[in-house]
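The chain contents come next:
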Amino acid sequence: MSVRSTTVSRDGEPPPYTPAADHGRPATPTWFLICAVMCVCLCAAAGVGAIAVVERRAHAVSAISRQTMAGTQASWDIHRHLAEAAAAEASTFLGISTTPGAAPYDDFAAAMRAANEAMVRAGATTDPGSGGLACPGQEPPATVRPSPTSSGPTSSATAGATAGAGAGAGAGAAGASGGPGKGGSGRGGARSAAPPSNEAAAAALATLVCLTPVYTRYVGEARANDRMGMSVGGAYLRMANSLMNDHLLPASATLARSHTEDQAQAFRRATRAGDVAGLAVVALLALAALAAAQVLGVLWTRRWLNPGLLAATLLVTVGIIWPQAALATERAKLASARSEGYDVQAMLARVRHLALRAEGDVLYWRIAQGGEIVFDADFDQTAAQLACAARGREPGTTPLNEPRALNEPSSAGAASAAVEGLPGPHEAATRDPNLVRWCGPATARPLDPGIVKLVDTARQAGATAIDAPVGDSTPRATGRFMELDRALTKADGVAEARFGTEVAGAGDALRGVAAGAGALFLLAAVLAAAGLAPRIREYG
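Focus on the overall build of the protein
- Within the protein, the regular secondary structure consists of 15 helices and two strands.
- The buried share of the protein, taken over its 540 residues, is 47%.
- In the protein, the proportion of contacts linking residues at least 24 apart, taken out of those at least 6 apart, comes to 85%.
- Of the roughly 24500 Å² of accessible surface on the protein, 60% is carried by carbon and sulfur atoms.

Side note on the nonpolar core
- Residues Leu 82, Leu 208 and Tyr 215 are the most contacted members of the largest nonpolar core, which totals 75 residues.
- Where this core is concerned, the elements lending two or more residues are helix H1 (28-93), helix H2 (106-121), helix H5 (199-227), helix H6 (232-271), helix H8 (307-367), helix H9 (373-390), helix H13 (449-467) and helix H14 (473-510).
- Setting aside its immediate chain neighbours within four residues, Tyr 215 contacts Ala 85, Ala 86, Phe 108, Met 112, Ala 240, Asn 241, Leu 243, Met 244 and Leu 248.
- Counting 48 residues, the second largest nonpolar core, distinct from the first, contains Ile 320, Ala 514, Ala 525 and Leu 532.

A word on the packing of aromatic side chains
- In total, this model carries five aromatic pairs according to the counting rule given.
- Ring centres of Trp 76 and Tyr 342 lie 5.6 Å apart, and the angle between their planes is 40°; this geometry places the pair in the tilted category. Of this pair, Trp 76 sits in helix H1 while Tyr 342 sits in helix H8, placing them 266 residues apart in sequence. For the pair Trp 76 and Tyr 342, one class covers both residues: buried.
- Between Phe 108 and Tyr 215 the ring centres are 6.2 Å apart and the planes differ by 40°, which places this aromatic pair in the tilted class. Separated by 107 residues along the polypeptide, Phe 108 in helix H2 and Tyr 215 in helix H5 bring together distant segments of the chain. One exposure class covers both Phe 108 and Tyr 215, and it is buried.
- Members of the aromatic cluster, connected to one another through ring pairs, are Trp 76, Phe 267, Tyr 342 and Phe 499.

Side note on H6
- When the terminal C-alpha atoms of H6 are compared, their 57 Å separation across 40 residues agrees well with the 58 Å that a helix rising 1.5 Å per residue should span.
- Its axis deflected by about 40° at Met 244, H6 carries its strongest bend there.

Thoughts on the pattern of salt bridges
- Under the counting rule described, the total for this entry stands at 15 salt bridges.
- Arg 121 is the salt-bridge partner of Asp 77, the closest N and O atoms lying 2.8 Å from each other. With Asp 77 in helix H1 and Arg 121 in helix H2, this residue pair connects regions lying 44 residues apart in the sequence.
- A salt bridge links Glu 502 to Lys 333, with the nearest nitrogen and oxygen atoms 3.9 Å apart. With Glu 502 in helix H14 and Lys 333 in helix H8, this residue pair connects regions lying 169 residues apart in the sequence.
- Assessed through its relative accessible area of 10%, Glu 502 is described here as buried.

Observations regarding the packing of H2 against H5
- Closest axis-to-axis distance for the H2/H5 pair is 11 Å, and the angle between their directions is 165°. Considered as vectors, H2 and H5 are oriented roughly antiparallel to each other. As H2 runs across H5, the sense of the crossing is left-handed. Side by side, H2 and H5 meet where Phe 108, Met 112, Asn 116 and Met 119 of the first sit next to Leu 205, Leu 208, Val 209, Thr 212, Tyr 215, Thr 216, Val 219 and Arg 223 of the second.

Remarks on the confidence of the model for the protein
- Here the protein shows a mean pLDDT of 74. Residues at 70 or above account for 70%.
- Helix H4 (residues 166-175) is the least confidently modelled element of the protein, averaging 33 in pLDDT, while H14 averages 91, the highest of any element.

Some thoughts on the environment of Leu 211
- When you line up the elements, Leu 211 lands in helix H5.
- Judged by relative accessible area, Leu 211 falls into the buried class, the value being 0%.
- Sequence separation between Leu 211 and Leu 243 is 32 residues; the distance between their C-alpha atoms is 8.3 Å.

Some words on the environment of Ala 491
- By the secondary structure assignment, Ala 491 is in helix H14.
- For Ala 491 and Leu 447, which are 44 residues apart along the polypeptide, the C-alpha to C-alpha distance reads 9.4 Å.
- Beyond its immediate chain neighbours, meaning those up to four positions away, Ala 491 contacts Leu 348 and Ile 451.

Thoughts on a nonpolar patch on the surface
- Nonpolar side chains collect at one region of the surface, where Trp 304, Leu 305, Leu 310 and Leu 314 lie side by side and expose about 510 Å² of accessible area between them.
- Residue placement: Leu 310 occurs in helix H8.
- Judged by its relative accessible area of 37%, Leu 310 falls in the partly exposed class.

Remarks on H5
- Given a rise of 1.5 Å per residue, 29 residues ought to cover 42 Å, and the 42 Å separating the end C-alpha atoms of H5 matches this to within 8%.
- Along H5, the helix axis deviates most sharply at Leu 211, where the bend reaches about 35°; the proline Pro 213 sits within four residues downstream.
- Downstream of H5 by a residue or two, Gly 229 has a phi angle that is positive, lying close to 75°.

Definitions and limits used
- Residues numbered from 1 in each chain as written.
- Predicted model: local features only at pLDDT ≥ 70, side-chain atom pairs only at ≥ 80, totals over all residues.
- Heavy atoms only, no water.
- Helix = DSSP H or I, 4+ residues; strand = E, 2+ residues; numbered from the N terminus.
- Buried < 20%, exposed > 50% of the residue type's maximum accessible area, 1.4 Å probe, protein only.
- Contact = heavy atoms within 4.5 Å.
- Areas by Shrake-Rupley, 256 points an atom, 1.4 Å probe, with all protein chains shown as cover.
- Core = buried A, V, L, I, M, F, W, Y, C linked by side-chain atoms within 4.5 Å.
- Phe/Tyr/Trp six-rings, centres within 6.5 Å; stacked < 30°, edge-to-face > 60°.
- Expected span 1.5 Å × (residues − 1).
- Bend = angle between axes of the 7 residues up to and from the residue.
- Salt bridge = Lys/Arg side-chain N within 4 Å of Asp/Glu carboxyl O.
- Axes fitted to C-alpha atoms, helices over the stretch in contact; angles between N-to-C directions.
- Parallel < 35°, antiparallel > 145°, perpendicular 65-115°, else oblique.
- Left-handed = near helix turned anticlockwise from the far one by under 90°.
- pLDDT = per-residue confidence, 0-100.
- Patch = residues over 30% accessible without salt bridge, like charges linked within 9 Å, V, L, I, M, F, W, Y side chains within 5 Å.

Take a look at the structure:
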């Protein structure tokens with residue numbers, strides 16, 4: 001049995017215990033050095049990570065409020081002003097004054113100027129020679145003149161021949177087959193968006209730029225022939241409306257969808273949880289390393305307090321809480337901006353687009369003297385979509401003329417229609433039952449009840465103007481749609497202000513956090529090194 005010898009000093013106290021070479025373990029200074037390196041590296045990594053994450057989120061928030069939102073609102077404005085121009089031209093053609101005291105065609109000219117300005121904001125270039133929009137394709141081919149006996153809008157094939165304005169325009173027309181997309185009614189601002197980032201959006205913008213002059217030329221021909229009392233003026237106007245509905249509005253919807261996708265990606269970049277989780281993990285590892293260093297220091301040095309490590313621990317704790325709280329506030333602000341601002345604007349824009357199209361159907365049905373069933377049928381479909389959209393629901397998929405819908409008026413679908421104010425099966429059958437459909441499931445919150453009531457009043461006035469036209473039924477319907485448009489404009493202003501306020505609040509929540517949190521973590525690294533350095537020297 002071996003006996004361990006102990007050296008005793010002259011005052012009877014044993015010397016300090018040093019576990020340096022026992023059983024081949026590393027010396028205490030080595031452990032302290034390892035702890036110091038880990039603490040410093042983890043604190044520095046947490047500081048760099050905090051700076052990178054917060055700066056990246058701040059840039060994403062800035063992109064939401066500037067570039068992507070500017071492009072989205074510009075695309076919404078294009079669709080809105082083009083539809084307004086079509087309705088204004090038809091109203092003037094019928095002699096219905098939409099703006100008291102305004103000269104004929106002033107409303108049309110103002111809407112077209114606003115649409116052109118929105119195209120520039122969406123990324124279209126201008127011709128340095130004329131100052132007008134520069135079409136990236138060639139001049140569209142000469143169009144076929146309608147015969148004096150022409151009644152009704154041209155077919156899609158005729159309008160398609162007109163739309164062959166270069167490769168870009170043709171691609172845009174081909175890719176824009178949908179109806180008005182979800183978008184919000186942006187207000188004309190001075191912000192400019194970057195050019196469209198994908199081929200479909202660029203082609204759609206080219207279609208808009210190249211075919212807008214063709215549309216304006218049709219309208220000019222309609223005016224000239226109408227002044228001379230020639231019936232071909234109405235045919236030209238219907239050709240212009242066909243070009244608008246078949247190509248210009250679908251192209252603007254394609255552009256809006258592209259910008260909406262960019263905006264959705266910006267929201268995802270500004271709210272993704274991976275950045276927050278990664279930053280929290282690194283910061284917690286730094287905190288754990290500091291705590292372990294203090295525990296080991298107590299065990300090895302018998303000293304209960306290390307001021308440097310304690311101060312570093314406090315700084316890291318603050319460095320964890322502050323960025324996490326700021327990022328949580330930013331996420332909450334952006335969630336509110338999207339739900340209370342952006343989504344509301346999108347819904348208002350969809351309702352506005354459908355309302356303008358329904359109004360145009362009423363006006364062009366009157367111009368065609370009731371001879372074109374296409375406007376009647378389109379109004380039925382658009383009015384049903386309008387009623388559903390105002391209630392936050394998509395149109396359903398079951399036609400009312402199916403046996404299930406007609407033979408079961410007490411079914412859930414019929415009850416839902418009665419509650420929502422939509423025509424019942426038998427009432428709808430008196431119109432075009434193949435196009436009027438049930439509302440589908442709810443996809444968003446309904447609009448304000450006052451706006452929903454205006455929607456129902458406008459579509460009922462439009463149906464009356466088509467089904468039982470009297471002398472003032474069309475002007476009355478136009479007045480109801482104008483009341484709805486004013487209400488939508490007011491609501492859009494409120495939603496836009498809410499969006500701007502919440503996004504600005506998200507940016508304010510991150511202001512100074514990157515520099516402050518980075519400084520806290522880096523100072524903690526310095527204090528950790530300073531706290532462990534004396535212990536290493538004591539055993540050196």
